[in-house]
Amino acid sequence: MKKLLVVDDEHDICDFVKSFFQERGYTVLTALSGEDALVVIKEEKPDLVLLDIKMKGMDGIAALKHIRDIDKNVKVVMVTAIEEQERMDEACRLGACEYITKPLVLDNLEHAVEKNLK
Amino acid sequence: MASDKPKKAPSWDKLNNIFMENSLNRNGSRADSQSPDSKSARERLQMENAAPKYDYQAFLEKASRTMIRFKKPEHLIKMIVKTIDEQLKVTHTAVLLFKEHKHSYILIDSKGSQGIKIPIGFIKLVEDNPLISVFSEKQSYLISETGILRSDDVMAGLRNREILERQPDLYDKLLLIKKQMDLIKAKLCVPCYFKRDLLGILVLGEKISGENFTREEMGFFVTLANDAAMAIANAFLIENLQQKIEEIKELYIREHRIFIHTSIAMTAAIDARDPYTHGHTERVTTYCLAVARELEGIPEMAHYKNFRETLQIAALLHDIGKIGVPDHILNKHGKLAPEEFEEIKKHSIIGATILHPIKELSDVAREVRYHQECFDGSGYPDGLKGMDIPLIARIIAVADAFDAITTDRPYKKKKKVEEAIQELKRCSGTQFDPVIVSAFLLAYEKGNIITNGNQHPHLK
């Protein structure tokens, strides 16, 4: 079973995305901060990370840099507000597979994960 | 907005309390009707466990009266979501609203159990989402007579062999709709229409008890959705209206600016012919406005539709008629012969005649005509006296004379400001309206009559 990690400092989003993908047959882990995410990635080695850019403390971009140090191969899909275009470009340079802008279309979220885990 | 008086717009908390009181009262009266003596504890327990009875009619009546007073539709929507969540025990409730600039329906409020509640602002449905087209295209065969799209109906359609065999297109559509409803775990989708526009969708999950929604409950949702649509549409109309008002204001300001600039251009034409009066109209206008500030509030101002504007334009254009006075008279050095002076005197009538065809400037034309009248009736062209001379003309007369005294003219040298002031005082009550002279003196004392631009043009 493919393993996903959802990183978002909003509880509601972690909970919702978790149950959304659990129902679609994934094992889903959550982390409420960039720092927590790094610990989970080290221990659990997820196949794909859904990473929010705007977070308190370590943000998604900083977390992405550290993730690359820990695990070169883990797929990362950025989830972000539309006005963060510059940082999305930065994320792409840092090796994020793609980004989804909030508010998002649920089909797109599903496809982005499916596609990158094939 | 004038209607936004704090008294009339109850606060969010207050409305919230009214709502909660309503539901508490309702619960209370139900408890009262069951006297503890007449029913055993077990019976009471059974009654309370039975399908929760809800007096929707009474609730809606009170609710809609309260709701309509919400200033922002978002508040009403929050209230609707909260009410449904607290009173109906559903897995989740959400409202999506159409945002024109995003071309999609954005989830703006939601409640529900952990993991099922859709986070606020997290998802959107694009305009061509099958779930949206069902409503926007009014595919009535998919929607029950209440206007609600029910997942049970969609399922029934999918199980119907007839549809599968004879209407494959419809079958595919149903599949797509089913998938979209499943994505957001919708048991019911209630449209919020205003006229023919789909403004939003109220989404409901299942009842936690697993029971079906009753007819009454669905009617309740439809009413709430309609209230929400009404509130959104109202807010939208008000916003549009305010925008229109702003646009009109802007247009007015622009038109006013064009008016003023046209007047300035016309005065420049007069000034160009008469180097001695260079800057005269500009200074007279400044003096007039300074005097007007001291006159603020006198009843006569109310006779004008827009006093300040009329004053400004009239002051700018008071000498426009000089265009019709021959150059040799206008620029003559030394004293004018009586017949030449008669020519000069025509300029106020010529000015009024020039402005006459401009309907919007009829007030201004009158003031231009009378700006050479004297308070004692000795002026021209009509020999008007006292208050028969319109206010603005009386103001211009003083400002005009003051500038004439303090600047060089072909026929005389300028005098000091102090001497000019003395002359105004001397002529107060004869040539000038004493009230205007006092106002001029007040403005002068306050330092609002600034004459430092009045050097001879050739000395500049």
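The structure reproduced in this document is the subject of the present report.

### Observations regarding the overall build of chain B
Along chain B, the regular secondary structure elements total 18 helices and six strands. The 460 residues of chain B split such that 46% are buried. Once local pairs closer than 6 in sequence are excluded, the contacts in chain B between residues at least 24 apart make up 62%. By element, 54% of the accessible surface of chain B is carried by carbon and sulfur atoms, the whole surface being about 25000 Å².

### Regarding the interface of chain A and chain B
Chain A puts 16 residues into the contact, and the matching count from chain B is 17 residues. Buried surface at the junction of chain A and chain B, both sides included, amounts to about 1600 Å², of which 60% is carbon and sulfur. Where chain A packs against chain B, one counts four salt bridges. The closest approach of N and O atoms between D107 of chain A and K179 of chain B, which form a salt bridge, is 3.6 Å. Where chain A packs against chain B, one counts seven residue pairs in polar contact (both at pLDDT 80 or more). At the level of elements, helix 1 (11–22) and helix 5 (106–116) of chain A are the ones that each hand at least two residues to the side of chain A that touches chain B. Counted by class, the side of chain A that touches chain B contains eight nonpolar, one polar and seven charged residues.

### A few points about the packing of helix 16 (residues 391–406) of chain B against helix 18 (residues 434–445) of chain B
Residue and element names in this part refer to chain B. One can describe the packing of helix 16 onto helix 18 by two numbers: an axis separation of 10 Å at closest approach and a directional angle of 55°. Viewed along their axes, helix 16 and helix 18 adopt a mutual orientation that is oblique. Our pair here, helix 16 against helix 18, has a crossing hand that is right-handed. Contact residues: helix 16 offers L391, R394, I395, V398, A399 and F402, while helix 18 offers I436, V437 and F440. Its residues assigned to classes, the contact of helix 16 with helix 18 shows eight nonpolar, no polar and one charged.

### Here's the deal with the sheet that holds strand 4 (residues 149–150) of chain B
Residue and element names in this part refer to chain B. Taken in spatial order, the six strands line up as 3-2-1-6-5-4 in an open sheet, and their pairing is antiparallel. Each end of this open sheet is capped by a strand with a single partner; those strands are strand 3 (124–126) and strand 4. The pairing of strand 4 with strand 5 (residues 188–194) spans two bridges and is antiparallel. Note on strand 5: the bridge partner recorded for R150 is L188.

### Some points on the pairing of strand 6 (residues 197–204) of chain B
Each regular strand shows side chains that alternate between the opposite faces of the sheet. Residues and elements named next belong to chain B. Counting buried residues along strand 6, seven of its eight residues qualify, which places the element largely inside the surrounding structure. Sheet topology places strand 1 (residues 92–99) next to strand 6; five bridges connect them, and they run antiparallel. Bridged to T93 within strand 6 is L204. Two elements, strand 5 and strand 6, share seven bridges in a ladder whose sense is antiparallel.

### Remarks on unusual backbone geometry
Here the residue pair K102 of chain A and P103 of chain A is connected by a cis peptide bond, since its omega of -5° sits within 30 degrees of zero. Positionally, P103 of chain A belongs in the loop between strand 5 (98–102) and helix 5. For the bond running from Y380 of chain B to P381 of chain B, omega is 10°, close enough to zero to count as cis. Structurally, P381 of chain B can be placed in the loop between helix 15 (362–369) and helix 16. Its identity is not glycine, yet H103 of chain B carries a phi of approximately 50°, on the positive side. Tracing the backbone shows H103 of chain B in the loop between strand 1 and strand 2 (104–112). You will see that K185 of chain B, though not glycine, has its phi angle at about 50°, which is positive. Judged by relative accessible area, which is 29%, K185 of chain B ranks as partly exposed.

### Let's talk about the environment of G34 of chain A
Residues and elements named next belong to chain A. As for its position among the elements, G34 is in helix 2 (residues 34–44). In the structure, G34 is positioned 29 residues away from A63 in sequence and 5.2 Å away in space, judged by C-alpha atoms. Beyond its immediate stretch of four places on either side in the chain, G34 contacts V7, M55, M58 and A63.

### Some thoughts on helix 10 (residues 280–295) of chain B
Residues and elements named next belong to chain B. The first and last C-alpha atoms of helix 10 sit 22 Å apart over 16 residues, in line with the 22 Å expected at 1.5 Å per residue. Taking burial as the measure, the 16 residues of helix 10 include 13 buried ones, the bulk of the element. Downstream of helix 10 by a residue or two, G297 has a phi angle that is positive, lying close to 95°.

### Side note on the pattern of salt bridges
Taken as a whole and judged by the stated rule, the model has 32 salt bridges over all chains. Among the ionic pairs, E300 of chain B bridges to R394 of chain B, the shortest N-O distance being 2.7 Å. Here E300 of chain B, found in the loop between helix 10 and helix 11 (307–317), pairs with R394 of chain B, found in helix 16; they are 94 residues apart in sequence, far enough to count as distant. Pair check on accessibility: E300 of chain B and R394 of chain B agree, each one buried. Each of E23, R24, D107 and E110 of chain A together with K179 and K185 of chain B takes part in one network of salt bridges that share partners.

### Some words on the environment of I389 of chain B
Residues and elements named next belong to chain B. The residue I389 is located in the loop between helix 15 and helix 16 in this model. Its relative accessible area of 1% is what places I389 among the buried residues. For the pair I389 and H371, spaced 18 residues apart in the sequence, the C-alpha separation amounts to 8.4 Å. Once residues within four sequence positions are removed from consideration, I389 is found in contact with Y370, E373, C374, F375, L384 and R394.

Cut-offs applied
- Residues numbered from 1 in each chain as written.
- Chains lettered and ligands numbered in written order.
- Predicted model: local features only at pLDDT ≥ 70, side-chain atom pairs only at ≥ 80, totals over all residues.
- Heavy atoms only, no water.
- Helix = DSSP H or I, 4+ residues; strand = E, 2+ residues; numbered from the N terminus.
- Buried < 20%, exposed > 50% of the residue type's maximum accessible area, 1.4 Å probe, protein only.
- Contact = heavy atoms within 4.5 Å.
- Areas by Shrake-Rupley, 256 points an atom, 1.4 Å probe, with all protein chains shown as cover.
- Buried area = accessible area lost by both parts, 1.4 Å probe.
- Salt bridge = Lys/Arg side-chain N within 4 Å of Asp/Glu carboxyl O.
- Polar contact = N/O pair within 3.5 Å; in protein donor to acceptor, adjacent residues only side chain to side chain.
- Nonpolar A, V, L, I, M, F, W, Y, C, P; charged D, E, K, R; others polar.
- Axes fitted to C-alpha atoms, helices over the stretch in contact; angles between N-to-C directions.
- Parallel < 35°, antiparallel > 145°, perpendicular 65-115°, else oblique.
- Left-handed = near helix turned anticlockwise from the far one by under 90°.
- Pairing = 2+ DSSP bridges.
- Expected span 1.5 Å × (residues − 1).

Remember that the coordinates give geometry; whether it matters functionally is a separate question.
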